[in-house]
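Tertiary structure, described
Given next are the chains, with one letter for each unit.
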Amino acid sequence: MNARLDAAVAAQPAQVTRHDWTRAEVEALFALPFNDLLFKAQTVHRQHFDPNAVQVSTLLSIKTGACPEDCKYCPQSNRYDTGLEPEKLMEVQKVIEEAQRAKATGATRFCMGAAWRSPKKKDMPYVLAMVKGVKELGLESCMTLGMLSAEQAQELAEAGLDYYNHNLDTSPEYYGEIITTRTYGDRLETLDHVRGAGIKVCSGGIVGMGESVRDRAGLLLQLANLPQHPESVPINRLVRVEGTPLAAQENVDSFDFIRTIAVARILMPKSHVRLSAGRETMNEEMHALAYFAGANSIFYGEKLLTTPNPEANSDMALFGRLGIEPESREVEHCEDETDGRLFAEVERAQSDSLFYDAARA
Ligand code: SAM
Ligand code: DTB
Ligand code: SF4
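Presented here is a report on the structure given in the accompanying data block. Because the structure is a prediction, the values reported are computed rather than measured.

**Quick word on the packing of helix H11 (residues 284-292) against helix H12 (residues 312-322)**
Closest axis-to-axis distance for the H11/H12 pair is 11 Å, and the angle between their directions is 60°. Considering their axes alone, H11 and H12 lie oblique with respect to each other. The interaxial crossing formed by H11 with H12 has right-handed handedness. Within the contact between the two elements, H11 uses Glu284, His287, Ala288 and Tyr291 and H12 uses Leu318, Phe319, Arg321 and Leu322.

**Points about the side chain of Asn167**
Looking at the element boundaries, Asn167 is found in the loop between strand S4 (163-165) and helix H7 (172-178). Looking at Asn167, its side chain comes within polar contact range of the main-chain nitrogen of Gly204, at 3.0 Å. In this structure, Asn167 is in contact with Arg187, Cys202, Ser203, Gly204, Gly205, Pro234 and Asn236, ignoring residues within four places of it in sequence.

**Some thoughts on empty space enclosed by the protein**
The tally for this structure, following the rule as stated, stands at one cavity of 30 Å³ or more. The space that makes up the largest cavity amounts to roughly 820 Å³. Elements with a contribution of two residues or more to the lining of the largest cavity: strand S2 (109-114), strand S3 (140-144) and strand S7 (232-237). Tallied by class, residues from the lining of the largest cavity come to 22 nonpolar, twelve polar and six charged.

**Focus: unusual backbone geometry**
In this structure, Ala66 is a non-glycine residue whose phi angle is positive, near 55°. Within the fold, Ala66 resides in the loop between strand S1 (53-63) and helix H4 (92-105). Since its relative accessible area comes to 43%, Ala66 is described here as partly exposed. With a phi close to 75°, Asp169 is a non-glycine residue in the positive phi region. Note on placement: Asp169 falls in the loop between S4 and H7. Accessibility expressed as a relative area gives 2% for Asp169, which makes it buried.

**Comments concerning the site of ligand 3**
Close to ligand 3 lie Cys67, Glu69, Cys71, Tyr73, Cys74, Ser77, Ala115, Trp116 and Arg182. For the shell around ligand 3, the per-class residue count stands at six nonpolar, one polar and two charged.

**As for the environment of Arg109**
Considering the arrangement of structural elements, one finds Arg109 in strand S2. With 32 residues separating them along the chain, Arg109 and Ser141 place their C-alpha atoms 5.7 Å apart. For Arg109, the contacting residues outside a window of four places in its chain are Gln55, Val56, Ser57, Thr58, Leu139, Glu140, Cys142, Tyr163, Ser232 and Arg274. Engagement of the side chain of Arg109 in a polar contact is seen with the side chain of Tyr163, the distance being 3.2 Å.

**Here's the deal with the layout of surface pockets**
Taken as a whole, the largest pocket holds about 610 Å³ of empty space. Taken together, the elements giving at least two residues each to the lining of the largest pocket come down to S1, H4 and H12. The residue inventory of the lining of the largest pocket, partitioned by class, reads ten nonpolar, seven polar and eight charged.

**Some details on the packing of aromatic side chains**
Within the structure shown, the criterion is met by three aromatic pairs. An angle of 70° between the planes, with centres 5.4 Å apart, marks the rings of Phe34 and Phe255 as edge-to-face. With a gap of 221 residues between them, Phe34 in helix H3 (residues 34-48) and Phe255 in helix H10 (residues 254-267) connect regions that are remote in the sequence. The class of Phe34 is buried, set by a relative accessible area of 18%.

**Considerations on the nonpolar core**
The biggest cluster of nonpolar side chains holds 92 residues, and the ones touching the most others in it are Tyr73, Met143 and Leu156. No other element matches H10, which puts eight residues into this core. Discounting residues that sit within four places of it in the chain, Tyr73 has contacts with Asp169, Ile178, Ile179, Arg187, Ile206, Met209, Leu238, Val239, Thr244 and Leu246. If you look at the next biggest cluster of nonpolar residues, it comprises seven residues, including Leu59, Tyr163, Ala277 and Leu304.

Conventions used here
- Residues numbered from 1 in each chain as written.
- Chains lettered and ligands numbered in written order.
- Predicted model: local features only at pLDDT ≥ 70, side-chain atom pairs only at ≥ 80, totals over all residues.
- Heavy atoms only, no water.
- Axes fitted to C-alpha atoms, helices over the stretch in contact; angles between N-to-C directions.
- Helix = DSSP H or I, 4+ residues; strand = E, 2+ residues; numbered from the N terminus.
- Parallel < 35°, antiparallel > 145°, perpendicular 65-115°, else oblique.
- Left-handed = near helix turned anticlockwise from the far one by under 90°.
- Contact = heavy atoms within 4.5 Å.
- Polar contact = N/O pair within 3.5 Å; in protein donor to acceptor, adjacent residues only side chain to side chain.
- 1 Å grid on protein atoms, 1.4 Å probe; cavity = no way out; pocket = protein on both sides within 12 Å on 5 of 7 lines; lining within 4 Å.
- Points joined across faces, edges and corners; volume = space filled by probe spheres on them.
- Nonpolar A, V, L, I, M, F, W, Y, C, P; charged D, E, K, R; others polar.
- Buried < 20%, exposed > 50% of the residue type's maximum accessible area, 1.4 Å probe, protein only.
- Near = heavy atom within 4 Å.
- Phe/Tyr/Trp six-rings, centres within 6.5 Å; stacked < 30°, edge-to-face > 60°.
- Core = buried A, V, L, I, M, F, W, Y, C linked by side-chain atoms within 4.5 Å.

Here you go:
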């Protein structure tokens, strides 16, 4: 950061981490003029993070489709005909190979997702073996398997799981419009079990499901007033999948989406806010605005769980053009090669874009 910016940020009152946000305060943030909101978010961001670093995670669907739940946004529910070919739980060795590939392309966290209501007892040994294998590669591990009992969370913690993703998805008021097969309370209970087992929490939601600004405020209010903020807050833009009840939903306004990122950043100043699903519908300028609004994590790699994501190369090229560097892992071991490779990739992208400019000049 340059000295003038350092001084400007230091002049701002320090942001304390609060858990007592009121609805009126959150709605007032959403109602700010865009530039005021972004300035505030960027100021808070700089107080807690390197503003030019973004964490990168890779996702893998370890069990695809045929899910008994009725989440209206989801291509993996067995209630909707989305043309998705269901797949059984992947073999442990195959998952480890995918994790190796993700590491080689520069991801520092490997997230494994299963289309389950909750894991069955018979599945647990395989899932635990996957966590151990991913950890042995020196990657951070994350899983999203549906609802967890306290015992299951404990088993995952003992296997070394770093993060568990379980989204609240929307406000408590709008929730019933989207999912009827599990309650908001069930979701909060799983988050409690995850936290109780000492696993880091990843929880966020989806924007663009027909919810109101009040619902977006309601979602962020729930997350920000948890006893401890989630370490990661994924903000997904709805991926409209043919066959799901939300397929014809109108695309959410880009600025409204950016506002949600900015408010999340302000309410949860020390959390990583992830620019999550839906990046295929965002151009480079929108990505840059999201990073400015305080997003500092992305899913990296050409596929999310079942739907496409931007190519890793195009993310790295944009990082290069924006002077963003991939954040290094929090875990101690095996720092060296992955980070080295990723930095080399960004440097190459940076020099490519310089070369391109020079040639055009
Ligand atoms: N089955 C588990 C569960 O629901 O807890 C884990 C996987 S589920 C796919 C994880 C999250 O992905 C959902 O909670 C939702 O927030 C997000 N998601 C699923 N489909 C999406 C879509 N079409 N667009 C945006 N986000 C989506
Ligand atoms: C999250 O909040 N978003 C990711 C991850 N957590 C598991 C999933 C997005 C899924 C998008 C639709 C699909 O690819 O199936
Ligand atoms: Fe199943 Fe998860 Fe999709 Fe809901 S979001 S239908 S629980 S895979």
